Amino acid sequence: MTVAEATPELRLYDPEDRSFLGHPKGLGYLAFTEAWERFSYYGMQTLLVLYMVNFLLKPEEVGSVAGIEQLRSLYGGIDGQPFASAIFGTYAASVYLTPIFGGWIADRILGKRRTVLLGAIVMALGHFLMAFNVTFLLALLCLIVGSGLFKGNIASQVGSLYSPGDLRRADAFQIFYLGINAGVIASPFIVGTLGEKVGWHWGFGAAGIGMLIGLAIYLAGQKYLPKEHFDVPGKAAAKTDKKPREPMTRQDWLATSALILLIPVLALAIVPNNQIFNAYLVWGDQQFALYWGGEKLPTSWLVSLDAIVSVSFLAIVAGFYRWWKTKWTEPDELTKIIIGSLFSIGGMACLYLAAATTPPGEKIGLFWPVMFHIVNAIGFAHMLPVSLALFARLAPKQINATVIGLYYLSFFAGNSIVGYVGGWFETMPITQFWLMHMGFAATAGAVFLLFKLLLAPRLMRDAEPENVALS
C-alpha cells in the first residue's frame with residue numbers, strides 16, 4: 001500500500017495525463033507489464049508442444065511425470081502427438097476459462113490490482129515448476145490459475161484509465177496489443193532458442209524470469225493506476241463501499257446479451273490462428289526448410305515471425321482506417337471482423353497450397369508459410385483487437401471485469417477445438433487438415449454476417465459506437 005493510495009490528494013494518477021505517448025502514464029506500466037507477461041506465457045507455449053512431442057512424452061521420459069498416466073486415461077489412452085495436442089488444447093483452453101473467476105474475485109473481493117499481483121506470483125511459480133519433469137502437470141495448473149487472475153483484470157484496467165467520453169481508449173488498446181506482440185516477438189528468440197538449443201528446462205526458466213520482471217514493473221506503477229474502493233487501508237472491501245451498486249439497465253442487459261451471443265462465433269473464428277501453436281509448429285518442425293548455412297533454425301522462431309508480421313499489420317491496418325475515414329465512412333466493428341474472417345480463409349488457403357504444391361519427400365519452402373503469416377496477420381488485425389475493444393466498450397460498469405472475463409470464453413472453446421482437431425494431424429491428409437480450418441473461418445464469417453444483418457440492429461441499437469478505429 002503506497003502513501004498515494006491511502007491519501008487521495010497525493011495520488012499521481014490523472015485521467016487527463018498525456019505523458020506516455022499522449023496517454024496516462026499508467027498505460028505505460030500496464031503495457032510493459034503485459035509485454036513481459038506475454039514474453040513468459042508465449043515463450044512457454046511456443047515450446048510446449050515441441051517439448052512434449054520431442055522429449056517429455058517419449059517412453060524414456062514420460063514415466064517421471066507425476067499424474068501423467070491418470071491424465072492419459074482421461075483421453076482414452078492416446079500417446080505421442082495426439083496426446084501432446086490434447087494436453088495443449090486442455091491447457092490453452094483452460095487459461096481462457098479461469099478469467100471469469102478472476103474477474104469475479106476482482107469485482108467482489110480483492111480488486112483488480114491485488115488480483116493481478118496474485119496472478120503474476122502464481123504464474124511465476126508455474127514457469128519455474130516447468131523446469132522439472134515431475135512437476136509438469138502442477139506447473140500447468142499454476143499457469144492456468146495465475147493466468148485467470150491476471151488476464152481480464154489487467155485488460156480491464158486499461159479501459160479504467162479513461163473517462164467515459166475519452167476517445168483515446170481505442171488507441172490505448174492498440175498500444176496494449178503492441179505490448180503483447182513485443183513480448184511474443186522476443187520470447188521465441190530467447191526462450192525458444194534456449195529451450196531447443198541448450199535445454200528445454202533452460203527455456204522454461206527464462207520464461208519464469210520474464211514473469212518476475214513483469215511483476216516488478218506492475219508493482220512500480222501502482223500509484224499511476226485508478227484508485228479502487230478496495231484500496232482503503234484497514235477495512236474490508238464490503239465495508240468501504242457504502243454506495244449502493246447501480247442496477248443493470250435495459251441497455252446493459254441488451255449489451256451483455258449481444259456479447260454473449262458473439263462468444264461461440266469468435267471461438268470458431270480463432271481456431272485457424274491458434275493452431276499456429278499446436279499442429280502448425282509440429283508440421284513446421286518436421287517439414288519446413290528451416291535451414292541457414294546448413295544449420296537448422298529453431299522452429300519456435302516461426303512464432304517470432306508471426307508476431308513481427310502481426311505487429312506490423314496492426315499498425316498498417318490502423319493507419320489505413322484512419323486514412324479511410326477522412327474520405328469515407330469507417331466500417332463498424334462487426335464489418336471489420338467479417339473482413340478479418342475473409343483474410344483468415346486466405347491464410348488457411350496459403351497453408352493448403354504449401355502442402356499441395358510440395359512434392360512428396362521434399363521440404364516445404366518458406367514462400368507459402370510466409371504468405372500465410374502475412375494474410376493471417378491482416379485477419380488478426382481486423383478481429384482480435386476489435387473484438388476486445390467491443391467487449392470493453394459494451395461491458396456494463398457494474399460487471400465490467402466479469403464480462404471481459406466472459407470474452408475469454410471464446411478462447412476457451414476455440415483452443416479446445418484446436419487441441420481436439422490437432423490430434424488428427426498425423427492421421428488426416430495435410431491438405432484436408434488445412435481445408436478443414438478454412439471451413440472454420442468461413443463458417444464464423446458467415447455467422448458474423450448474419451448477426452450483423454439480423455440481430456445486431458435490435459440488440460445493440462441503444463449502444464452508441466465508440467471510435468475503435470482498428471481498435
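Residues numbered from 1 in each chain as written. Predicted model: local features only at pLDDT ≥ 70, side-chain atom pairs only at ≥ 80, totals over all residues. Heavy atoms only, no water.

Some details on empty space enclosed by the protein
Short version of the rule: Here a cavity denotes grid points, spaced 1 Å and computed from the protein atoms alone, that fit a 1.4 Å probe unable to get out, and a pocket denotes an open set having protein on both sides within 12 Å along at least 5 of 7 lines; residues with an atom within 4 Å of a point are the lining. Grid points are joined across faces, edges and corners, and a volume is the space filled by probe spheres set on the points. What counts as a helix is a DSSP run of H or I of at least four residues, what counts as a strand is a run of E of at least two, and both are numbered from the N terminus. Nonpolar residues are Ala, Val, Leu, Ile, Met, Phe, Trp, Tyr, Cys and Pro. Charged residues are Asp, Glu, Lys and Arg, and all others, Gly as well, are polar.
Scanning the model with the defined rule gives three cavities of 30 Å³ or more in all. Here the largest cavity defines a volume of roughly 470 Å³. R38, Y42, Y96, I180 and L384 are the residues nearest the centre of the largest cavity, which is lined by 30 residues in total. Secondary structure elements with two or more residues in the lining of the largest cavity: helix 2 (25–56), helix 5 (80–94), helix 8 (136–160), helix 9 (168–198), helix 12 (250–274), helix 14 (301–324), helix 16 (367–394) and helix 18 (409–422). Tallying contributions element by element places helix 2 first for the lining of the largest cavity, with six residues. Each residue belonging to the lining of the largest cavity can be placed in one class, and the counts come to 19 nonpolar, six polar and five charged.

Focus: a nonpolar patch on the surface
Worth spelling out the cut-off: What goes into a patch is any residue over 30% in relative accessible area without a salt bridge, connected to like charges within 9 Å or, for nonpolar side chains (Val, Leu, Ile, Met, Phe, Trp, Tyr), within 5 Å. To measure how exposed things are, a 1.4 Å probe is used in the Shrake-Rupley method; for residues, cover is taken only from the protein chains shown. Any carboxyl oxygen of Asp or Glu within 4 Å of a side-chain nitrogen of Lys or Arg constitutes a salt bridge here. Each residue gets one of three labels from its accessible area relative to the maximum for its type: buried under 20%, exposed over 50%, partly exposed in between, using a 1.4 Å probe on protein chains only.
A surface patch of nonpolar side chains, amounting to about 320 Å² of accessible area, comprises F128, I209, L212 and I213. Broken down by element, the nonpolar patch gets its largest block of residues, three residues, from helix 10 (residues 200–220). The class of I213 is partly exposed, set by a relative accessible area of 32%.

What to know about the side chain of S94
Note the following rule: Here a polar contact means two N or O atoms within 3.5 Å. Within protein one must be a hydrogen donor candidate and the other an acceptor candidate, and residues neighboring in sequence count only if both atoms are side-chain atoms. Whether two residues are in contact is decided by their heavy atoms: any pair within 4.5 Å suffices.
Looking at the element boundaries, S94 is found in helix 5. Engagement of the side chain of S94 in a polar contact is seen with the backbone oxygen of T90, the distance being 2.7 Å. Sequence-distant contacts of S94, that is, excluding residues within four places in its chain, are made with I144 and F412.

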